[in-house]
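Structural overview
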Amino acid sequence: MKDAKTLWKACVSRALEALAREKGIPAEALSALPPAVEVPPKPELGDLGFPMFPYAKVLRAAPAQIAQAVAAALVGDPEAAGLGTVRTEGPYLNVFLDRPAVVRDVLEALGRDPDGYGRNESLAGRKIMVEFSSPNTNKPLHLGHLRNDALGESVSRILAANGAEVFKIDLINDRGVHICKSMLAYMAYGNGRTPESEGVKSDHFVGDYYVRFNDLKKEDPAAEEKAQALLVKWEAGDPDTLALWKTMNGWAEGGIRQTYERTGISFDKYYHESRIYVTGKDEVLRGLESGVFFKAEDGSVRVDLSDIGLETKVLLRKDGTSIYMTQDIGLAIERHKDWPFDQLIYVVASEQQYHFKVLFHILAKLGYPWAANLYHLSYGLVNLPEGRMKTREGTVVDADTLLDSLRELAVEEIASKGREDAVGDISETAEKIALGAVHFYLLQATPSKDMIFNPKESLSFNGATGPYIQYMGARISSMLRKHDSGEGNARGGTVRPELLAGDAEWALIRRIAEYPEAVAQAARDFDPSAVATCLYDLASAFSRFYHDNPVLTAPDKDTAASRLALAAAARTVLRNGLSLVCIPFLETM
RNA sequence: GCGCCCGUAGCUCAGCUGGAUAGAGCGACGGACUUCGAAUCCGUAGGUCGCAGGUUCGAUUCCUGUCGGACGCACCA
């Protein structure tokens with residue numbers, strides 16, 4: 001389709017130039033106006049459309065007249081004649097592609113390299129590091145993390161599908177007052193209990209104590225100060241404090257990693273804040289020497305940000321300790337040494353835009369050439385219909401709990417359809433459906449925008465959902481299984497593209513043909529929704545197609561074989577695409 | 001106050017670099033299973049694209065202003 005698009009563009013361009021020459025107008029006048037290709041609003045208007053408005057002034061003619069003249073020229077163009085037919089629609093020049101030819105090309109491309117369909121090499125040789133998730137170790141993952149994780153993992157896979165070499169990293173925030181609060185509450189109420197003794201997932205166990213810190217505050221007004229004091233003890237290396245910290249962090253991180261495994265995300269390297277929080281200090285001191293930073297009257301080291309319209313920013317406290325920004329400066333430099341990336345993408349919520357703006361600017365000021373290739377993939381908050389999730393009010397949607405309830409619903413769904421025997425491992429299948437539901441829900445939206453998560457609605461598996469797409473994949477798989485076991489009429493038939501030229505088939509073929517472009521666009525915009533939307537449209541087109549076109553039961557062998565080939569092609573694209581948006585493909589459900 | 005993002009059908013969201021009567025899903029209403037699994041399909045109703053200007057042959061899309069909302073503007077992460 002892409003090829004047809006560019007070919008037609010060239011044909012139209014030639015015809016326009018010829019028209020200009022005829023009128024004695026220099027062809028150069030058109031060079032600033034390359035033909036714009038678009039998709040007509042209705043399929044019966046054609047497959048490609050070229051608006052002729054822009055040429056009215058230069059060619060001194062009405063757009064509709066130009067369209068007619070160009071159409072006439074194209075009829076006589078032998079190259080264009082082989083690509084389809086043209087028709088004018090007022091000021092538009094519309095193209096009807098040669099359907100069998102496109103069908104043949106698409107099926108051939110898929111047959112040649114099924115797994116590679118949709119991949120490209122545009123980012124070949126490029127090393128891209130992606131940081132995402134970056135959890136705190138005082139509580140389990142919640143819905144917001146799921147959006148972050150899904151985005152990070154999906155973008156990583158999409159970039160890899162465009163040829164990039166991707167390195168995924170996770171920064172575990174295992175240090176700070178937040179973890180000290182959990183520790184303090186545990187010291188007060190723990191009594192030696194463990195996740196094992198209580199039968200609670202270990203990160204939830206730690207999170208429960210973080211919540212209980214609120215109780216502690218009521219009992220002990222000095223609780224906040226005690227948490228600060230505990231942090232000081234931690235930094236001083238107090239053995240008892242370190243031991244408890246280690247134990248509780250182990251629980252928290254262990255539980256969090258279980259959730260990663262469950263949701264299918266992974267990392268090439270974990271960084272721990274506790275081990276690197278002092279880095280960056282040397283870098284800042286060096287910047288002070290070279291005059292990039294300055295020492296304020298109170299003794300703190302600061303950076304002047306007036307060149308980007310901001311105030312000054314402290315980088316080292318007057319006591320010489322480092323802050324968040326200092327760490328991130330050091331960390332970026334260290335990471336580039338660890339794995340010399342061409343680009344580093346930080347998947348972090350939009351709340352931190354200021355932070356990254358400043359960080360990138362500082363690194364540029366320090367003279368790191370790669371600073372220009374740092375990118376903050378900023379995503380919006382996930383809110384509830386009632387508003388923002390609040391830990392204090394207990395409205396936070398916990399990731400594990402959400403997945404559990406979705407899985408439970410999927411189990412019920414399987415039972416209500418009497419498919420327990422057909423799906424094999426019910427629990428495993430239900431878990432994959434739950435994942436499909438969550439990931440599609442989170443990735444179909446534009447990353448930068450805040451989104452509302454309606455628990456009730458999101459529990460539906462109907463309509464534009466992950467399970468809908470999975471279902472179409474399962475239905476096609478079912479057909480292919482039947483065919484393999486000898487059922488149906490496709491055996492011995494020949495695949496003939498001209499038998500797939502109907503409107504329903506054509507709509508499906510177009511979606512299949514568009515998929516590679518969606519993968520490319522998703523990489524350009526760091527936006528998986530391009531892929532998610534394409535897959536939904538594809539599944540939907542397949543659903544319409546097979547609803548009124550019998551595949552295996554088509555009376556004629558060749559028709560059955562041809563339709564089956566189309567279905568198999570659709571399945572391949574679904575399989576490839578779903579993996580890019582972290583949705584498990586299901587053979588049966 | 002300043003910065004940044006967002007305001008499209010009752011709800012949740014699409015709408016690619018400005019282009020042909022603004023699209024989906026959910027919800028509502030009405031249809032389709034002795035036919036490859038109905039987690040499906042088809043139809044109906046529903047929008048002055050927050051508002052006002054501007055640029056353009058043409059603006060949901062670009063610019064300005066304005067109203068409304070979210071998030072930032074720490075020697076917290």
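One can find the structure itself at the top, above this paragraph.
Predicted model only: the values in this text are computed from it and were never measured.

Cut-off values and rules
- Per chain, the residues get numbers from 1 upward, laid out in the order the sequence is written.
- Chain letters start at A and ligand numbers start at 1, both assigned in the order the entries are written.
- At least 70 in pLDDT is required for a residue's local features to be given in this predicted model, at least 80 for side-chain atom pairs to be given and counted, and no such filter applies to totals for whole chains, interfaces and linings, which use all residues.
- Working from all heavy atoms in the structure, the side-chain values ignore hydrogens and water.
- Think of it this way: DSSP has to see at least two bridges between two strands before they count as a pair.
- Only runs of H or I of at least four residues qualify as helices and only runs of E of at least two qualify as strands under DSSP, and these elements are numbered from the N terminus.
- Here a helix's expected span is defined as the number of its residues, less one, multiplied by 1.5 Å.
- Burial classification: accessible surface area is computed with a 1.4 Å probe over protein chains only, and a residue below 20% of its type maximum counts as buried, one above 50% as exposed, and the rest as partly exposed.
- Taken from the helix axis, the directions to the C-beta atoms give the arc we talk about.
- It only takes one pair of heavy atoms within 4.5 Å for two residues to be counted as in contact.
- A 3.5 Å cut-off defines polar contacts: any pair of N or O atoms within that distance qualifies, except that in protein one atom must be a possible hydrogen donor and the other a possible acceptor, and neighbouring residues in sequence count only when both atoms are side-chain atoms.
- Working convention: axes come from line fits to C-alpha atoms, limited for helices to the stretch in contact. Angles between N-to-C directions cover 0 to 180 degrees.
- Each residue is tested against the molecule or strand, and it is near if at least one of its non-hydrogen atoms lies within 4 Å.
- Whenever a carboxyl oxygen of Asp or Glu lies within 4 Å of a side-chain nitrogen of Lys or Arg, that contact is scored as a salt bridge.

Here strand S2 (residues 84-89) pairs with strand S3 (residues 92-97) via six bridges, running antiparallel. Bridge pairing in S3 places Gly 84 opposite Leu 97. Counting the residues that bridge the hairpin from S2 to S3 gives two residues, and of these Gly 90 lies at a positive phi of roughly 65 degrees.

It is worth spelling out helix H10 (residues 223-236) at this point. Helix length check: H10, at 14 residues, gives a terminal C-alpha distance of 20 Å against a target of 20 Å (1.5 Å per residue), a fit within 8%. Every buried residue of H10 is listed here: Ala 223, Ala 227, Leu 230, Leu 231 and Trp 234. Seen end-on, H10 carries its buried residues on one side only, within an arc spanning 100 degrees. Those residues of H10 that are exposed and aimed more than 90 degrees away from the buried face are Glu 225, Val 232 and Ala 236. Structurally, H10 contributes buried residues whose contacts are with helix H7 (177-189), helix H9 (202-219), helix H11 (239-263) and helix H12 (273-276). Residue Gly 237 follows H10 closely and has a positive phi angle near 85 degrees.

Bringing the side chain of Glu 153 into the picture now. Take Glu 153: it is sitting in helix H6 (residues 143-161). Of the polar contacts made by the side chain of Glu 153, one reaches the side chain of Lys 168; its length is 3.0 Å. Polar contacts involving the side chain of Glu 153 include one to the main-chain amide nitrogen of Ser 266, which spans 3.2 Å. When sequence neighbours within four positions are dropped, the list of residues in contact with Glu 153 reads Phe 132, Lys 168, Gly 264, Ile 265, Ser 266 and Cys 582.

Taken in spatial order, the three strands line up as S1-S3-S2 in an open sheet, and their pairing is antiparallel. Of all strands in the sheet, those bounded by a partner on one side alone are strand S1 (48-51) and S2. Each neighbouring strand pair of the sheet contributes to a mean axis angle of 20 degrees, computed without reference to strand direction. Bridging between S1 and S3 involves four bridges; their strand directions are antiparallel. Following the sheet pairing, Pro 51 is matched in S3 by Tyr 92.

Moving on: the protein's contact with RNA strand B. In the region of RNA strand B, 60 residues are neighbours, and Tyr 92, Asp 298, Arg 317, Arg 419 and Tyr 546 sit closest. Within 4 Å of the protein, atoms of RNA strand B come from sugar and phosphate in 59% of cases. In the environment of RNA strand B, a phosphate oxygen lies 2.5 Å from a nitrogen or oxygen atom belonging to the side chain of Thr 446. The backbone of Ile 452 places a nitrogen or oxygen atom 2.6 Å from a phosphate oxygen of RNA strand B. Mapped onto the surface near RNA strand B, the elements with two or more residues apiece are S3, helix H15 (353-365), helix H16 (399-416), strand S13 (451-452), helix H20 (466-484) and helix H22 (529-548).

The next point concerns the pattern of salt bridges. By the definition in use, this model includes 36 salt bridges. Among the salt bridges present, the one from Arg 496 reaches Glu 498, with a minimum N-O distance of 3.2 Å. Taking relative accessible area as the criterion, Arg 496 reaches 31% and is therefore assigned partly exposed. Between Glu 517 and Arg 524 there is a salt bridge whose closest N-O contact spans 3.0 Å. Taking relative accessible area as the criterion, Glu 517 reaches 31% and is therefore assigned partly exposed. Judged by relative accessible area, Arg 524 falls into the exposed class, the value being 52%. Taken together, the salt bridges that share partners define one network made up of Lys 201, Asp 203, Arg 262, Asp 400, Asp 404, Arg 407 and Glu 431.

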